[in-house]
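Descriptive structure summary
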Amino acid sequence: LCECLTNAQAQAAASTNTKPKLDPTAAIDLCKKGERSACTTACDGGDLPSCVTFAEALLSGSDRNAKKECEAPLRRACDGKVGRGCSALARCLSAVILADGRKTYLKDKREKATLNEQACTLGDGLGCFGAAKNYEGGDGVEQDDAKAEVLMKKALALVPKQCEAGDGKSCLALAMLYSPQSASTREQKSEAKSKALYEKACKAGEEMACNALKAGAE
């Protein structure tokens, strides 16, 4: 009996040891297709865009506790000069604050504004968009319409391209900007344009966009 158990254990160990590991390149490709576990593997393997994809998937979900896990991979990506990592980290910090039920302290606002500007400098349209809104409303920075204007122009040169490339969050940002319900006075409102962008964002998996379409249909 002991010998049988020993043989069984040895076979199990051999099976475990010979189980093929997911190739890093394959993990990156699978991550792009939406497999979250593959994103974790790719991120651990050093692919920073996969870290962003994984964290943004957490942010898009409804699990508040899961949102808290977005900070570490996004800090890693932002520190690695991935612009989207910085702008996503700004959103992540807001989500974590809400999940914890804490107030948004001034230092939190300042850090988020800094992250958005860093993302914009690295060529991320959403970072430019966020930074423009920060300066427009004096959120974490001193209110400055001139800076807001410059940053918004840069955002509008980058975000539509990101949306056309299939980035749902960029489409959502534009939909909200052009919506007649938007408080911004910088762009001409267009219900038809906003709806088309919401539809595109919804198809890309943005739940907020889908909810906005449902609310508009009611």
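1. Here's the deal with the pattern of salt bridges
Oppositely charged side chains may form a pair once their charged atoms are brought near each other. Summed over the entire model, instances satisfying the criterion amount to eight salt bridges. A salt bridge links R91 to E56; its shortest N-O distance comes to 2.5 Å. On the criterion of sequence distance, the pair formed by R91 in helix α7 (residues 83–100) and E56 in helix α4 (residues 48–60) is long-range, its members being 35 residues apart. Across the pair D167 and R84 runs a salt bridge, and its minimum N-O distance is 2.8 Å.

2. A closer look at the packing of aromatic side chains
All chains considered together, the criterion is met by zero aromatic pairs. Note that K193 overlies the ring of Y178, its terminal NZ or CZ placed 4.1 Å from the centroid.

3. Section: the side chain of K169
In this structure, K169 sits in helix α11 (residues 168–178). We classify K169 as buried; its relative accessible area is 14%. For K169, the side chain forms a polar contact with the side chain of E206, separated by 3.0 Å. Sequence-distant contacts of K169, that is, excluding residues within four places in its chain, are made with E56, S60, R84, R91, L126 and E206.

4. Here we look at the environment of Q118
Structurally, Q118 can be placed in helix α8 (residues 106–121). Since its relative accessible area comes to 28%, Q118 is described here as partly exposed. Residues Q118 and K81, spaced 37 residues apart in sequence, show a C-alpha to C-alpha distance of 8.8 Å.

5. Re the packing of helix α3 (residues 36–44) against α4
Helix packing geometry: the angle between the two helix axes and the distance between the axes. Relative to each other, α3 and α4 sit at 140°, their axes nearing to 8 Å. One element, α3, and the other, α4, form an angle in the oblique class. Remark: the crossing between α3 and α4 carries left-handed chirality. Here R36, C39, T40, A42 and C43 of α3 come into contact with α4, specifically with S50, C51, T53, F54, A57 and L58.

6. Points about the environment of P73
Following the sequence through the fold, P73 ends up in helix α6 (residues 71–79). The class of P73 is buried, set by a relative accessible area of 9%. C-alpha separation for the pair P73 and T40, spaced 33 residues apart in sequence, amounts to 9.3 Å. If near-sequence neighbours (up to four positions away) are discounted, P73 is found in contact with C43, C51, F54 and A55.

7. Side note on the nonpolar core
For soluble globular proteins, the rule of thumb is that nonpolar side chains tend to be buried together. L59, C70, L74, L89, C92 and L115 are the most contacted members of the largest nonpolar core, which totals 25 residues. Secondary structure elements with two or more residues in this core: α3, α4, α6, α7 and α8. For L74, the contacting residues outside a window of four places in its chain are V52, A55, L59, G85, A88, L89 and C92.

Conventions we followed
- Residues numbered from 1 in each chain as written.
- Predicted model: local features only at pLDDT ≥ 70, side-chain atom pairs only at ≥ 80, totals over all residues.
- Heavy atoms only, no water.
- Salt bridge = Lys/Arg side-chain N within 4 Å of Asp/Glu carboxyl O.
- Helix = DSSP H or I, 4+ residues; strand = E, 2+ residues; numbered from the N terminus.
- Phe/Tyr/Trp six-rings, centres within 6.5 Å; stacked < 30°, edge-to-face > 60°.
- Lys NZ or Arg CZ within 6 Å of the ring centre and 35° of its normal.
- Buried < 20%, exposed > 50% of the residue type's maximum accessible area, 1.4 Å probe, protein only.
- Polar contact = N/O pair within 3.5 Å; in protein donor to acceptor, adjacent residues only side chain to side chain.
- Contact = heavy atoms within 4.5 Å.
- Axes fitted to C-alpha atoms, helices over the stretch in contact; angles between N-to-C directions.
- Parallel < 35°, antiparallel > 145°, perpendicular 65-115°, else oblique.
- Left-handed = near helix turned anticlockwise from the far one by under 90°.
- Core = buried A, V, L, I, M, F, W, Y, C linked by side-chain atoms within 4.5 Å.

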